[in-house]
Amino acid sequence: MKRYYDDSACVLRKMLLDAKAPHLSSAIPPTLPWKVNELVQPSEPLTRQGSGINGSFGDSEELRCVIAVIRHGDRTPKQKVKLKITEEKLLNLMLKYNGGRPRSETKLKSAVQLQDLLDATRMLVPRTRPDRESDSEAEDVEHAEKLRQVKAVLEEGGHFSGIYRKVQLKPLKWVKVTKGNGEVEEQPVEALMVLKYGGVLTHAGRKQAEELGRYFRNKMYPGEGTGLLRLHSTYRHDLKIYSSDEGRVQMSAAAFAKGLLDLEGQLTPILVSLVSKDYSMLDGLENASSEMKEAKAWLNEIITSNANTVDSNGSPEFPWMVDGAGLPPNASELLANLVKLTKKVTKQVRLLAQDENEKLAERSLYDVIPPYDQATALGKTNIDVDRIAAGLPCGSEGFLLMYARWKKLETDLYNERKERFDITQIPGVYDSCKYDLLHNAHLNLEGLHELFKVAQMLADGVIPNEYGISPKQKLKIGSKIARRLLGKLLIDLRNTREEAITVAELKNNHDHSLSINIEKEDAEAKSKLFHKNDEIDQDDDDDKETKYRLDPKYANVKTPERHVRTRLYFTSESHIHSLMNVLRYCNLEESLQEESLVCRNALERLCKTKELDYMSHIVLRMFENTEVALEDPKRYRIELTYSRGADLSPLEKGSAATSLHQEHTLPIMGPERLQEIGSYLTLETMEEMIRPFAMPAEDFPPATPAAFSGYFSKSVLDRLVNLWPFHRQASSLGK
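As the structure is a computational prediction, the values presented were derived from the model and not from experiment.

Caption draft 1: Representation of the nonpolar core within the structure. One finds Leu493, Tyr569, Leu583, Leu597, Leu674, Met686 and Ile690 to be the most contacted residues of the largest nonpolar core, which totals 47 residues. Sorting the residues of this core by element identifies β1 (61-71), α10 (279-282), α20 (483-510), α23 (573-585), α24 (600-608), β13 (617-625), β14 (636-643) and α26 (683-690) as the ones contributing at least two each. Those residues in contact with Met686 that sit more than four places away from it in its chain are Leu493, Leu583, Leu597, Leu620, Ile638, Leu640 and Leu681.

Here it is in C-alpha cells:
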C-alpha cells in the first residue's frame, strides 16, 4: 500500500510540473527523494540522442533493443568432496534410488534423499579422531575425515536446499552373488561418491545484482518520465530473462530483475515469474572439453617447467595476438611459493577448527549464535554481524568446512608423494583467498595477503588461457561454448528489426486516414481504459491468449510508437570469456574481410583485463535511425560495451575500501566501449561477423511471432496504429 501512495505522488508531481513548471519537470528525479533505499541517478535521454557512451548520432535515433549477457554475483567458493565407498549402508542407498540397478549411477538432490544419506553417514563417522596414525592407517583416517566432511556439509544450515548440495554415486566394482533360489545377480561392492556444495550467492552478490539492475534502469533506457518503468507499465517494453541451471545464477537474475523493475518482496516469487532456465544455452563446457583439456595441458607444461619465455606467434605491437598472453615469466617460482603460503594459511585454519570442535562440545557458542540458515540468508543484503562479533566465519561456513576447503586446496595443488603440481587448482586458491579477504578479514589469517598477491599473478595468466592459448584457439573454444547463445543473440536482433519495420510500415500506411479513425475511436474508447485482445482481434485465430492492453491515449503516452526489447542472459564466467573472445577475434575467420568488431584501444584494455569478475557483463544495444530509409543498412546501429564487474582488489585502500570493509561488497566497474567514439557498426555487419560462429536460426525450436514477440498480432498492431495520433505528435517525436 505504501508503494501505491509513493507512485501516486510521483505521478501527481509530474503532472503539476508539466502544467506549471515544465522547465523543472525533466530536472527533478522521477523517484521520491525520501526513498533512501535507492541511489537516485539522473535519467538520460538515451533514445533520441544516442547512447552517450559511443558518441552522438543525431536526434532521430531510437533505442530499440538492449541485450546483456551477465555473470552471476559474489558467491561462496565452490567445493567438491570425492571418496570411494565400500560401506553397505551407502551402497544400499545408491541401489534404493537408482532402481536397484547395480551398474547405474544415481544423483541425490531432494531433501528426502539427502536426509537418508545424512542418517547413513552419521552412523559411519567415527566418534573420535586418532591422535596419530601409522602409514598403514593413513588411508582409513583420510576416508573417515572425508565422511566427517560430508556429514558437516549435509548438516549445514539445519535443512536441505538441493539446489546448493548434490551428491553423485557411481558404481566402480561389482560381484556376482547367488541367491537362495539359484539365481545369480550382480551387487556393487565399491562406488565413487562425489559431493558438490558451495557456490552460493552471498549477501554481497545479491546486493551487487540489485544495484546493477537499478543502474540499467537509470542509464540504459529512455529518459521519458520514469523511463523504463513507464515503458514497461504501458506495454511498450518486451522483457525476457534467461538463466543457467545454477542456483547462484538464478538468484542473481531475480535480484537484478528486482532492481531493474523496482520490485518489492522476496526473490523467489520474482524468480518463478520472470526468469526462465535454459541449460543448453547458458550451462556446460562439454562442447569444448577436448580443446580446453589441451589448453590446460599446455599451461601445465609451461608453468611447471623452468622456461622463462613463451613461444609466440604474435608481435609486441599487438599483445592481444600473443600466445599465452598474461602468463608471468617466473611462473614456476610463483607456483612453489603458492604451495608454501597455502600450507601456512591451512595450518592456521586447522587450529581454528580444532578450537571450534571444543566449543561445540561444550554447546556454549551456538547457544548464543544459532546455526546459519541459508534460506533466510538469501533474503538478506547485509553481513552477519552476530557471527562476526562471535569470531565465526561470515556466511554459512563453519571452521570445520573452512579447514576442509583449504586442506583440499593444499592437497590437490601439490602431490608430495608424486612431486607433482596441479595448475588447475590455481583459480581455486585465488577464489578462496579473495573470498576470505572480503568476508573473513576479521579472522586475521597471517600470510593471506601475500598469498592473494601470488595467486592473483598466476590466476591472471591461467584463467584467460584456459579458454585458448592462441587467438585462433580462443575463437574456436569460444564459438563452441557460446554457439547457441550467439545464435539466440542474432535472433533477438533480427526480431527487433522486423518488429520496428512492421511498426514503421503500418505507420506510413495509416498516416493518410488517421484523423478520421481517431475521431471515431475517441467516441468508442472513452468509456474504457483497458482493451481485451480477444475483443480487439476477434478474427485472428492465431492470437489465443487473453491479454489486457492499456489504451495509449489514456496512459498519457506522448510517444506510443516507442518500443524496446530487452533480453537478459545470466550465466557463468565461461560464457562471458567465450562471448568476448568471439567478439574480439571473429575477424580471424578466413571468409571474413572486415576488421575486428572490437577497436584497437579496447583490444589493448582487454589484454590488460585478466579477470571478468562477478557481475561482469557484455551489452549490445541496437538503435534505429527513423530518418533513414527502411532498406538502408545504416538504419540500424549496434553499440557494444562491457564491464569488468566487481574487478577490485580486496586489498584496496582509500574511499573504495569503506564499503568493502563495512558491507563486504566490491563495487561494479562502469561500462567501457568496445568501439571507437563515433564509429558506426551496422546490424548487417554485426550479423556477417557473428554468423559463422553462431547456431543457425533453423536449428532453434519454433520462435514466437516477430511482431512484438507475441505481444501483439498484426491486426492488433493495425488497431494500435489507428489509435496512435502520429500526426498530432509529429512535433514532439524528437523530444
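From this point, things continue past the structure.
Caption draft 2: Quick peek at a positive patch on the surface. A cluster of basic residues, Lys78, Lys80, Lys82, Lys107, Lys109, Lys166 and Lys196, forms a positive patch at the surface. Among the elements that line the positive patch, the one with the most residues is strand β2 (residues 78-85), at three residues. With respect to the helices and strands, the residue Lys166 is situated in strand β4 (residues 166-178). Among the residues examined, Lys166 registers a relative accessible area of 32% and is labelled partly exposed.

Caption draft 3: Inspection of the pattern of salt bridges at higher detail. In total, this model carries 40 salt bridges according to the counting rule given. Arg248 is the salt-bridge partner of Glu246, the closest N and O atoms lying 3.7 Å from each other. The exposure class of Glu246 is partly exposed, given its relative accessible area of 27%. Accessibility expressed as a relative area gives 9% for Arg248, which makes it buried. Taking the shortest distance from any N to any O, the salt bridge between Glu604 and Arg600 comes out at 3.5 Å. Within this pair, Glu604 and its partner Arg600 are both found in helix α24, separated by four residues, close to a single helical turn.

Caption draft 4: Structural view of unusual backbone geometry. A positive phi angle, close to 50 degrees, is found at Glu419, a residue other than glycine. You can see Glu419 is positioned in the loop between β8 (414-415) and β9 (420-421). Note on Glu419: relative accessible area 62%, which makes it exposed. Phi is positive for Met615, close to 65 degrees, though the residue is something other than glycine. With respect to the helices and strands, the residue Met615 is situated in the loop between α24 and β13.

Caption draft 5: Molecular detail of the packing of aromatic side chains. Counting across every chain of the model gives six aromatic pairs. Ring plane angle 5 degrees and centroid distance 5.2 Å describe the contact between Tyr242 and Tyr569, whose orientation is recorded as stacked. Within this pair, whereas Tyr242 is found in strand β6 (residues 237-243), its partner Tyr569 is found in strand β12 (residues 564-571), the two being separated by 327 residues in sequence. A residue is classified by how much of its surface remains accessible, and Tyr242, at 15% relative accessible area, is buried. Look at Tyr569 and you get buried, because its relative accessible area is 0%. Ring geometry for Tyr430 against Phe452: centres 5.6 Å apart, planes inclined by 20 degrees, an arrangement best described as stacked.

What counts and how
- All residue numbers here refer to positions counted from 1 along the written sequence of the relevant chain.
- Predicted model: local features are reported for residues with pLDDT of at least 70 only, side-chain atom pairs are reported and counted for 80 or more only, and whole-chain, interface and lining totals are derived from all residues.
- Think of the side-chain values as coming from all heavy atoms in the structure, minus any hydrogens and water.
- We define a nonpolar core as any set of buried Ala, Val, Leu, Ile, Met, Phe, Trp, Tyr and Cys residues linked to one another through side-chain atoms lying within 4.5 Å.
- Note on classification: 1.4 Å probe, protein chains only; a residue is buried when its accessible area is under 20% of the maximum for its type, exposed when over 50%, partly exposed between these limits.
- Labels follow the DSSP assignment, with helices taken as runs of H or I lasting at least four residues and strands as runs of E lasting at least two, numbered in each case from the N terminus.
- We call two residues in contact whenever any of their non-hydrogen atoms come within 4.5 Å of each other.
- For patch detection, residues must exceed 30% relative accessible area and be free of salt bridges, and they are connected within 9 Å for like charges or within 5 Å for nonpolar side chains (Val, Leu, Ile, Met, Phe, Trp, Tyr).
- What sets the accessible areas is the Shrake-Rupley method with a 1.4 Å probe; for residues, cover comes only from the shown protein chains.
- Salt bridge, as used here, is a side-chain nitrogen of Lys or Arg placed within 4 Å of a carboxyl oxygen of Asp or Glu.
- Asp and Glu are treated as the negative residues and Lys and Arg as the positive ones, with His and the ends of the chain left uncounted.
- Charge positions are represented by NZ for Lys, CZ for Arg, CG for Asp and CD for Glu.
- Planes of paired rings set the category: under 30 degrees apart is stacked, over 60 is edge-to-face and the rest tilted, where pairs are Phe, Tyr or Trp rings (Trp by its six-membered ring) whose centres lie within 6.5 Å.

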